[in-house]
Amino acid sequence: MRAQRVPVDYRPCSARRSSLSAVTGLNVMSDSCSFSSFTRCVTKHLNLHLHLDFDRHVIKGRVALTVEALEDRFSTLTLDSSDLSVVSVTANGQPARFSLGPKHSFKGTPLEITLPFDLSRGQHVIVEVTYETSPSATALQWLTPEQTAGKKHPYLFSQCQAHHCRSMIPCQDTPSIKHTYYAQVSVPKDLVTVMSAVRDGQEVDPQDSGRIIYRFRQTVPMPSYLIAIVAGALESREIGPRSRVWSEKEFVDKAAFEFSETEAMLKTAEELAGPYVWGQYDVLVLPPSFPYGGMENPCLTFATPTLLAGDKSLSGVIAHEISHSWTGNLVTNKTWEHFWLNEGHTVYLERMIGRCLESEQFRQFKAIGGWKDLQDSVNTFGANNPLTNLVPSLQDVNPDDAFSSVPYEKGFALLYHLEEQLGGPEVFMGFVKSYIQRFAYSSVTTEEWKNYLFAYFKDKVDILNKVDWNAWMFTPGMPPVKPQYDTTMADACNALSQRWLQAKDQDLNSFKQSDVKTLSSHQVIEFLSLLLQEDPLPLTHVKKMQEVYDLNAYMNAEIRFRWLRLCVRSRWEEVVPLALKMATDQGRMKFTRPLFREVFNFEKFRDEALRVFLAHRAGMHPVTSGLVSKDLKVDVSNAASQ
């Protein structure tokens, strides 16, 4: 896809703002990733009855959607579905005709329903769909007992963001629509189920005494991508007045220690952003194949076990997911083109929490690391790739393929730049809090955000008019302005990395263990990140680094990941098995994809990277295996038959 160059616009800001959607070419009246039209009808509530079948790896489901008509003579609606077997559809209890349209490469299949009557604008209908999911549903990962920590019981977890809920539930699978939901879930009695909702009791399944039904209710309207379910041999520990941590028993005490500061973070976030409206805030530590660092499912943040570093140094991921309770979950991007509204604001809020709990220098230090992550993403995609726009066009683009640090870090950089121009952190946080209150419980576009920014800072419009909005939002590559971050905490990392980069072989004995002992975990991560931005170090240097710093002994996943990449780049052959082991022992895409790419780029071990990937592919999350396949240029159809 060619990057479109948008001409610089010199009209007054009011004229420019009104045509923002025209500039992007984005039609906010539809979602290019969904078949369902949110201009004709909206879902207000879902009532779910789910029966989890661990033998066949399917969910037998019945969903009742309360749908409101937005036009007169309303008689047909389209739901999103993907690989679902639809058994029957009723409308207010009467049989309704339905058909499945042609399958799209990533959007799934439209489920077309004809009501046996017409509705007037504002009337509601309850559409009930009885269906079964496919064993290959992209929202679900079914784990065998061997893939869990306990090795005794199977496990299921869902990951619906961005557009995978439709493979678990037929629905209007677009972030532009918000609804409440109730659920009843039947599972074998040895398993415990939790969802992105408040727990509402349990009972023996009247149909089968070997099963239990768990009940849930979510009374805060939310988009479909935040529906989440987990079932496994779960235990929980209380970690605060409104928080528990859930995981298999092998991880639960470690997780309770790691996330013990959750309540302090929640209180800080409330002081910054307003009341926490979701009631419970629990954390679930998933099995290692979970593809993300965390997922902000309401009432139940999902977290990767790679956060269990033993030193609370990776709790920033929890600060990020807590922040999503306001930016993302309460105020949501209307379509995935506007994903930066979710992630840029969440990174901004996460770093404000860090500022309150640590220091302003710590916030600045994390921002420097974020700028490097953004540079990495721009380098990976290519500086002219339109997916590096802050607001990309996703017409015919799978949102999974667009996922990167761009919406997070380019979004943060814009907000930080505005903070600098408009009066500092307290002033700009006032805007963010006001924006959250203004758009709470709704979904927004970049245009609406920008209009509100201009209205809030109406006495500073001259400053806002000087911002190069076109360069920030619709131009690929790095942002037009690099903020001048405070480097106090980064200076020690810079100095040490420069010593290594400039050292000759005869200088290597000047390095001592004390070089890194005085650095925090965050600073060691930054030190390694700086080295990764340069040409590979000589093999003698990385071997000496291991000898004096013993980086192989670090269990902190962020440190280990960067260290192993550094070693593979320097062509240290003995480290290749360790890199491939980390790539497959856990499935967090942030680690797994770059580790596979590094080994694949080491010509001598290219075949080994492919062999290891194909051997472990079946145990990976479907999103992860699909993207690693693309990274390693594996022909998926051929690989499946090997």
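Residues numbered from 1 in each chain as written. Predicted model: local features only at pLDDT ≥ 70, side-chain atom pairs only at ≥ 80, totals over all residues. Heavy atoms only, no water.

Caption draft 1: Structural detail: the domain arrangement of the protein. Along its sequence, the protein is carved into domain 1 (33-144 + 154-222), domain 2 (233-325), domain 3 (333-474) and domain 4 (489-632). Each of domain 1 and domain 2 was reduced to a C-alpha centroid, and the two centroids are 27 Å apart. Listed per partner, the contact involves 19 residues of domain 1 and 23 residues of domain 2. Taken together, the two surfaces of domain 1 and domain 2 that pack against each other cover about 1,700 Å², and 68% of this comes from carbon and sulfur. At the boundary of domain 1 with domain 2, the tally comes to one salt bridge. Here Asp-282 and Arg-199 are joined by a salt bridge, their closest N and O atoms 3.1 Å apart. The interface formed by domain 1 and domain 2 includes two residue pairs in polar contact (both at pLDDT 80 or more). For the side of domain 1 that touches domain 2, the secondary structure elements donating two or more residues are strand E9 (140-143), strand E10 (155-158), strand E12 (192-195), strand E13 (198-204) and strand E14 (211-222). Of all the elements, E14 adds the most residues to the side of domain 1 that touches domain 2, at four residues. (Domains from an automatic or database assignment. Contact = heavy atoms within 4.5 Å. Buried area = accessible area lost by both parts, 1.4 Å probe. Salt bridge = Lys/Arg side-chain N within 4 Å of Asp/Glu carboxyl O. Polar contact = N/O pair within 3.5 Å; in protein donor to acceptor, adjacent residues only side chain to side chain. Helix = DSSP H or I, 4+ residues; strand = E, 2+ residues; numbered from the N terminus.)

Caption draft 2: Focus on the sheet that holds E12. If you trace the four strands from one edge of the open sheet to the other, you get E9-E10-E15-E12, paired in antiparallel fashion. Of all strands in the sheet, those with a lone pairing partner are E9 and E12, marking the two edges. Between one strand axis and the next, the sheet turns by 15° as a mean value, whatever way the strands run. Bridging between E10 and strand E15 (residues 229-232) involves two bridges; their strand directions are antiparallel. When the bridges of E15 are listed, Phe-157 appears paired with Val-230. (Pairing = 2+ DSSP bridges. Axes fitted to C-alpha atoms, helices over the stretch in contact; angles between N-to-C directions.)

Caption draft 3: Main features of the layout of surface pockets. There is about 810 Å³ of room inside the second largest pocket. Sorting the residues of the lining of the second largest pocket by element identifies E9, helix H8 (399-402) and helix H22 (622-631) as the ones contributing at least two each. Here the element with the most residues in the lining of the second largest pocket is H22; it accounts for seven residues. Tallied by class, residues from the lining of the second largest pocket come to 11 nonpolar, 15 polar and seven charged. (1 Å grid on protein atoms, 1.4 Å probe; cavity = no way out; pocket = protein on both sides within 12 Å on 5 of 7 lines; lining within 4 Å. Points joined across faces, edges and corners; volume = space filled by probe spheres on them. Nonpolar A, V, L, I, M, F, W, Y, C, P; charged D, E, K, R; others polar.)

Caption draft 4: Expanded view of the pattern of salt bridges. Counted according to the given criterion, the structure contains 36 salt bridges. For Arg-597, the salt bridge is made with Asp-631, and the minimal N-O distance between the two is 3.4 Å. Placement of Arg-597 in helix H20 (residues 589-600) and of Asp-631 in helix H22 is noted, with a sequence separation of 34 residues between them. The class of Arg-597 is partly exposed, set by a relative accessible area of 25%. (Buried < 20%, exposed > 50% of the residue type's maximum accessible area, 1.4 Å probe, protein only.)

Caption draft 5: Local environment of the nonpolar core. If you look at the biggest cluster of nonpolar residues, it comprises 206 residues, and the most contacted ones within it are Val-129, Phe-259 and Trp-449. Apart from residues no more than four positions distant in its own chain, Trp-449 is found in contact with Trp-340, Leu-341, His-345, Leu-414, Leu-415, Leu-418, Phe-431, Tyr-435, Trp-469 and Met-473. (Core = buried A, V, L, I, M, F, W, Y, C linked by side-chain atoms within 4.5 Å.)

Caption draft 6: Representation of empty space enclosed by the protein within the structure. Scanning all chains against the criterion turns up four cavities of 30 Å³ or more. Taken as a whole, the largest cavity spans an internal volume of roughly 260 Å³. Lining the largest cavity are 20 residues, with Trp-336, Phe-339, Pro-399, Ala-402 and Phe-403 positioned closest to its centre. Broken down by secondary-structure element, the contributors of at least two residues to the lining of the largest cavity are helix H6 (339-357), H8 and helix H9 (406-422). Of all the elements, H8 adds the most residues to the lining of the largest cavity, at three residues. Of the residues in the lining of the largest cavity, the class split is 14 nonpolar, four polar and two charged. In terms of domain composition, the lining of the largest cavity takes at least three residues from each of domain 1 (33-144 + 154-222) and domain 3 (333-474).

Caption draft 7: Main features of the packing of aromatic side chains. Counted under the stated rule, the structure contains 35 aromatic pairs. With a centroid separation of 5.4 Å and 70° between ring planes, the pair formed by Tyr-292 and Phe-403 is classed as edge-to-face. Here Phe-403 lies in the loop between H8 and H9 and Tyr-292 lies in the loop between strand E18 (282-285) and strand E19 (294-295), a separation of 111 residues in the sequence. Residue Phe-403 is classed as partly exposed on the basis of its relative accessible area of 32%. Each ring, one from Phe-431 and one from Tyr-435, has its centre 6.1 Å from the other, and the planes form 25°; the classification is stacked. (Phe/Tyr/Trp six-rings, centres within 6.5 Å; stacked < 30°, edge-to-face > 60°.)

Caption draft 8: Broad picture of the side chain of Gln-172. Counting through the fold element by element, Gln-172 comes out in the loop between E10 and strand E11 (179-188). Here the side chain of Gln-172 touches Cys-41 through a polar contact of 3.0 Å, landing on its backbone oxygen. Polar side-chain contacts of Gln-172 include one of 2.8 Å to the side chain of Thr-43. Sequence-distant contacts of Gln-172, defined by excluding residues within four places in its chain, comprise Ser-36, Ser-37, Cys-41, Val-42, Thr-43, Leu-79, Asp-80, Ile-177 and Ser-224.

Caption draft 9: Representation of the sheet that holds E13 within the structure. Read from one edge of the open sheet, eight strands run E5-E4-E8-E2-E1-E11-E14-E13, paired in mixed fashion. Two strands lie at the open edges of the sheet, namely strand E5 (94-95) and E13, each paired on one side alone. Examined bridge by bridge, strand E1 (residues 41-53) and E11 share seven bridges and lie parallel to one another. Considered in E11, the bridge of Leu-46 is made with Tyr-181.

Caption draft 10: Region of the structure containing the environment of Pro-480. One can find Pro-480 in the loop between helix H13 (469-474) and helix H14 (488-502). Under the relative-accessibility criterion, Pro-480 is labelled partly exposed at 40%. Spatially, the C-alpha atoms of Pro-480 and Ala-256 are 43 Å apart, while their sequence positions differ by 224 residues. Setting aside chain neighbours within four positions, we find Pro-480 in contact with Ala-471 and Trp-472.

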